[in-house]
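Breakdown of the fold
One letter stands for each residue in the lines below.
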Amino acid sequence: MRLSIKMYLIIFICASVILYQYHLSNAWLISQTSTQDFRVLNAKASEKLKNVTAFFNASSSSNTNSTQTNRTTFVSDCFPPQEKETNLPPLYIITPTYRRPEQLAELTRLSHTLMLVKNVYWIVVEDAVRKSALVTDLLKKTGLKYEHLTAPMPDQYKKKKKGPKPRGVSNRNKGIQWIRKNAKSGVLYFADDDNTYDLQLFDEIRYTKRVSMFPVGLITKLGVSSPIVKNGIFSGFYDGWMAGRKFPVDMAGFAISVKFLLKRPKALMPFKPGFEEDGFLKSLEPFEPQDIELLASNCTKILVWHTQTKKNEPSQALDFAKYNNTNLVMLKQILV
Ligand code: UGA
Ligand code: MN
């Protein structure tokens, strides 16, 4: 009897030791196999929180609303202070735009992208004789630093019945003119109102020294227009429409240093459909393709797309007699 109690005791102690060992080894295994996962999770969480901080900082910079400021303080407290917005080289974004059914939708989308970018000046140039209330109201709402200009397409091109027109050229030249008068440093980028922009693009072009270039997606049958990079070195252009151009690139595929531009007082965009980019880049002489700064991880990433919105017919006339005193009267004022 006594013997069996002793035996039970020994078995119990052995079982406890084995269980304890098992527990220890399990903990060790977890710590070995999961450290990596935890690190990834931690990095992701901290990245997310940083994004949240950046978002609040962006909103608070253009908004003095006290609740927003409080929130910023709260989130920022958890992290080292972000680089001050004003320490960043300014980005001058020139956007040509014109009246059409899609205009408000395009500008809304682009403005929401730019609201997430730091130290940005949005130079919106309407292809119109007068500023429109639609664009004025939209710009005010963004809280962005902006310049609202007009530059109608010259009549000789506007009245052209056949062939392509030089779209957005007078607008961009007006924007360049404004930059020459008002900017001293930073970077210029031509952002059409209908393209799609990855936020990383703005981080990358911000440090352009001369002219930077990068791939643009959704261009021609090739699907992309890009500098060709071989062993880390520029070695030509890949574009579905070479047309003997020295710089066969899209308008969205390059950015220019303001200082570099200011040293070239004659640089301008020609009213030559299809050759606007080439003409402008050639007017930046002295500047050769070999001088291009390659961005987007040596042009291996697409950070901007030449998205084209389906064209919509102008809205039909409203039967005012039938819908008088309804919301439709107000909606019709917004519609093209
Ligand atoms: C793009 C470039 O923006 C052109 O400069 C270039 O010549 C063309 O590609 C090309 O490589 O063939 P695309 O996307 O075809 O042009 O033209 P849109 O998006 O219709 O217009 C470009 C910009 O000019 C837009 O921001 C648009 O709002 C503006 N635009 C267009 C005007 O201000 N007025 C117009 O009559 C038409
Ligand atoms: Mn376009």
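Residues numbered from 1 in each chain as written. Chains lettered and ligands numbered in written order. Predicted model: local features only at pLDDT ≥ 70, side-chain atom pairs only at ≥ 80, totals over all residues. Heavy atoms only, no water.

Here the focus is the overall build of the chain. Summing up its helical and strand segments, the chain has 12 helices and 12 strands in all. The proportion of buried residues among the 336 residues of the chain is 40%. Taking as baseline every contact in the chain between residues at least 6 positions apart, the subset at least 24 positions apart corresponds to 72%. By element, 59% of the accessible surface of the chain is carried by carbon and sulfur atoms, the whole surface being about 20500 Å². (Helix = DSSP H or I, 4+ residues; strand = E, 2+ residues; numbered from the N terminus. Buried < 20%, exposed > 50% of the residue type's maximum accessible area, 1.4 Å probe, protein only. Contact = heavy atoms within 4.5 Å. Areas by Shrake-Rupley, 256 points an atom, 1.4 Å probe, with all protein chains shown as cover.)

Looking at ligand 1, there are 19 residues lining it, with Pro96, Asp127, Asp192, Glu276 and His306 nearest. Glu277 has a polar side-chain atom sitting 3.4 Å from an oxygen atom of ligand 1. When isolated, ligand 1 has an accessible area of 690 Å², and the protein chains bury 86% of it. Counting atoms within 2 Å of the grid points, the majority share of ligand 1 lands in the largest pocket. Elements with a contribution of two residues or more to the shell around ligand 1: strand 1 (91-97), helix 6 (169-182) and helix 9 (276-282). (Near = heavy atom within 4 Å. Polar contact = N/O pair within 3.5 Å; in protein donor to acceptor, adjacent residues only side chain to side chain. 1 Å grid on protein atoms, 1.4 Å probe; cavity = no way out; pocket = protein on both sides within 12 Å on 5 of 7 lines; lining within 4 Å. Sits in = over half its atoms within 2 Å of the grid points.)

Each pocket or cavity is described by its volume, and for the largest pocket that value is around 1000 Å³. The wall of the largest pocket is formed by 33 residues, among which Arg167, Arg172, Asp192, His306 and Gln308 lie closest to the centre. For the lining of the largest pocket, the secondary structure elements donating two or more residues are strand 1, helix 6 and helix 9. When grouped by side-chain class, the residues that make up the lining of the largest pocket number 9 nonpolar, 8 polar and 16 charged. (Points joined across faces, edges and corners; volume = space filled by probe spheres on them. Nonpolar A, V, L, I, M, F, W, Y, C, P; charged D, E, K, R; others polar.)

A few words on the nonpolar core. Ranked by internal contacts, the top residues of the largest apolar core, which has 34 residues, are Ile179, Phe190, Phe254, Ile256, Phe280, Leu281 and Leu284. The leading source of residues in this core is helix 6, at 4 residues. Ignoring sequence-local partners within four residues, the contact set of Ile256 consists of Gly186, Val187, Leu188, Phe190, Thr208, Arg210, Val211, Leu261, Phe280 and Leu284. Grouped together as the second largest cluster of nonpolar side chains are 29 residues, Val120, Val124, Val187 and Ala252 included. (Core = buried A, V, L, I, M, F, W, Y, C linked by side-chain atoms within 4.5 Å.)

Here the focus is the sheet that holds strand 1. The strands making up a sheet are joined through hydrogen bonds of the backbone, oriented either antiparallel or parallel. With mixed pairing, 7 strands are arranged side by side in an open sheet as 3-2-1-4-10-6-11. Two strands lie at the open edges of the sheet, namely strand 3 (145-150) and strand 11 (293-294), each paired on one side alone. Pairing between strand 1 and strand 2 (residues 120-126): 7 bridges, direction parallel. What sits directly across from Ile94, in strand 2, is Ile123. In the packing of helix 6 onto the sheet, contacts are made with strand 1, strand 2, strand 3 and strand 4 (187-190), and the angle to strand 1 comes to roughly 150 degrees. (Pairing = 2+ DSSP bridges. Axes fitted to C-alpha atoms, helices over the stretch in contact; angles between N-to-C directions.)

A word on the packing of helix 3 (residues 103-114) against helix 4 (residues 133-142). The contact between helix 3 and helix 4 brings their axes to 11 Å, and the two run at 20 degrees. The angle between the axes of helix 3 and helix 4 places the two elements in the roughly parallel class. For the crossing formed where helix 3 meets helix 4, the hand is right-handed. Contact residues: Gln103, Leu104, Leu107, Thr108 and Ser111 in helix 3; Leu134, Val135, Leu138 and Thr142 in helix 4. By residue class, the composition of the contact of helix 3 with helix 4 is 5 nonpolar, 4 polar and no charged. (Parallel < 35°, antiparallel > 145°, perpendicular 65-115°, else oblique. Left-handed = near helix turned anticlockwise from the far one by under 90°.)

Turning next to the pattern of salt bridges. This structure, assessed with the given rule, holds 9 salt bridges. Residue Arg109 pairs with Glu106 through a salt bridge whose shortest N-O separation is 2.5 Å. Residue Arg109 and its partner Glu106 are both found in helix 3; the two are separated by 3 residues, about one turn of the helix. Since its relative accessible area comes to 36%, Arg109 is described here as partly exposed. Note on Glu106: relative accessible area 4%, which makes it buried. In this structure, Lys159 and Asp155 form a salt bridge, with 3.6 Å as the shortest nitrogen-oxygen distance. We classify Lys159 as exposed; its relative accessible area is 58%. For Asp155, a relative accessible area of 47% translates into the label partly exposed. Each member of the salt-bridge network shares a partner with another, and the members are Arg100, Glu102 and Asp193. (Salt bridge = Lys/Arg side-chain N within 4 Å of Asp/Glu carboxyl O.)

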